[in-house]
Amino acid sequence: PIVNLGVLANRAFSVTLGVTAVAFGAIFASVVLVPLWLQTSMGYTATWAGCNAALSGVTMIVAAPLTSALMTRIDPRAVASAGLAISAFASLMRIGYDDQMTFWQLMWPQLAFGVGMMMSVIPLMDMSTASLEEKDLASGSGLFNFARTLASALATAAVVAVWNNQIRASGPTLAGELQPRAFLDAATASGMSHDKAVNMLDLMVQGQSVMLATNRTFLIVGLI
């Protein structure tokens, strides 16, 4: 009796609600994964990871009024579709990352992501209630916020689980492709102990496993 599920009978509202849930899930997956990867694998402090994340906020501020202006001239569905495409493009820009990426190279996907996020979120929020009658606005708004919050929470948990699973799967694959004898011989010939050379090789495999898992997870997010 608290939640009026009858509003889901409205096709436009239901479709918008579904798209919103998926879009917010993918968006928050990127929001979580970027600083997590930067801090655990790239050696960034929380401050510098936050500075990288803040770059998307810069373009959000610029894109918000422009998106509102576009919606008065163009079908909001087209604006939302363009925003989702830009967000997907920002995720796909990251699938070629390596562990030598500089802060400035990491900047461009973040800037694009901010534009895509605003261009998708604002029209979706507007369309979610535009098709409802006045008596259903409160129920519709409540369902919209519930779907958005739940999708964001689930995506936060899911993206970390997928990332960790990809790391575990990538390690044995990379190790199986290695030809370690030449590396170990060269390392020991340079004066390094055998155990230290093995540890260094293991660290290299672990680092590249994380990098490969990160690229694959961004590919999944981009496709979603």
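Heads up: the structure comes first, above all this text.
Residues numbered from 1 in each chain as written. Predicted model: local features only at pLDDT ≥ 70, side-chain atom pairs only at ≥ 80, totals over all residues. Heavy atoms only, no water.

Q: Could you give an account of the packing of aromatic side chains, naming the residues involved and the relevant values?
A: Summed over the entire model, instances satisfying the criterion amount to five aromatic pairs. A centroid spacing of 5.3 Å and a plane angle of 20° characterise the contact between Trp37 and Tyr97, whose relative ring orientation is stacked. Of this pair, Trp37 sits in helix α1 (residues 11-40) while Tyr97 is found in the loop between α3 (76-92) and α4 (103-130), placing the two residues 60 residues apart along the sequence. There is no split in this pair, since Trp37 and Tyr97 are both buried. A centroid spacing of 5.6 Å and a plane angle of 80° characterise the contact between Trp48 and Phe103, whose relative ring orientation is edge-to-face. Of the two residues, Trp48 is situated in helix α2 (residues 46-71) and Phe103 in helix α4; the sequence distance between them amounts to 55 residues. Feature note: the residues Trp37, Tyr97 and Phe218 constitute an aromatic cluster, connected by ring pairs. (Phe/Tyr/Trp six-rings, centres within 6.5 Å; stacked < 30°, edge-to-face > 60°. Helix = DSSP H or I, 4+ residues; strand = E, 2+ residues; numbered from the N terminus. Buried < 20%, exposed > 50% of the residue type's maximum accessible area, 1.4 Å probe, protein only.)

Q: Break down the packing of α1 against helix α5 (residues 137-177) for me, with residues and values.
A: Contact geometry of α1 with α5 gives a least axis separation of 7 Å together with a crossing angle of 35°. As α1 runs across α5, the sense of the crossing is right-handed. For the contact of α1 with α5, a count of residues per class yields 18 nonpolar, six polar and one charged. (Axes fitted to C-alpha atoms, helices over the stretch in contact; angles between N-to-C directions. Left-handed = near helix turned anticlockwise from the far one by under 90°. Nonpolar A, V, L, I, M, F, W, Y, C, P; charged D, E, K, R; others polar.)

Q: So, the pattern of salt bridges: which residues are in play, and what are the values?
A: Summed over the entire model, instances satisfying the criterion amount to three salt bridges. Where Arg77 meets Asp75, a salt bridge forms, and the shortest distance between an N and an O atom there is 2.7 Å. We note a salt bridge from Asp136 to Lys135, for which the minimum N-O separation is 3.4 Å. For Asp136, a relative accessible area of 13% corresponds to the buried category. When its relative accessible area of 64% is taken as the criterion, Lys135 is described as exposed. When salt bridges that share partners are traced, they join Glu133, Lys135 and Asp136 into one network. (Salt bridge = Lys/Arg side-chain N within 4 Å of Asp/Glu carboxyl O.)

Q: Can you lay out the environment of Ala46 for me, pointing to particular residues and giving the numbers?
A: Residue placement: Ala46 occurs in helix α2. In this structure the C-alpha to C-alpha distance between Ala46 and Pro35, which are eleven residues apart in sequence, comes to 7.8 Å.

Q: Explain the nonpolar core to me, using residue names and the numbers behind them.
A: Counting 24 residues, the largest nonpolar core has Trp37, Leu38, Met42, Tyr44, Tyr97, Leu106 and Trp163 as the members making the most contacts within it. For this core, the secondary-structure elements that each account for two or more residues are α1, α2, α4, α5 and α7 (194-223). With six residues, the single largest contributor to this core is α1. Those residues within four positions of Met42 in sequence are excluded, and the remaining contacts are Trp37, Asp98, Asp99 and Met101. With ten residues, the next largest nonpolar core counts Phe24, Ala90, Ala112 and Phe113 among its residues. (Core = buried A, V, L, I, M, F, W, Y, C linked by side-chain atoms within 4.5 Å. Contact = heavy atoms within 4.5 Å.)

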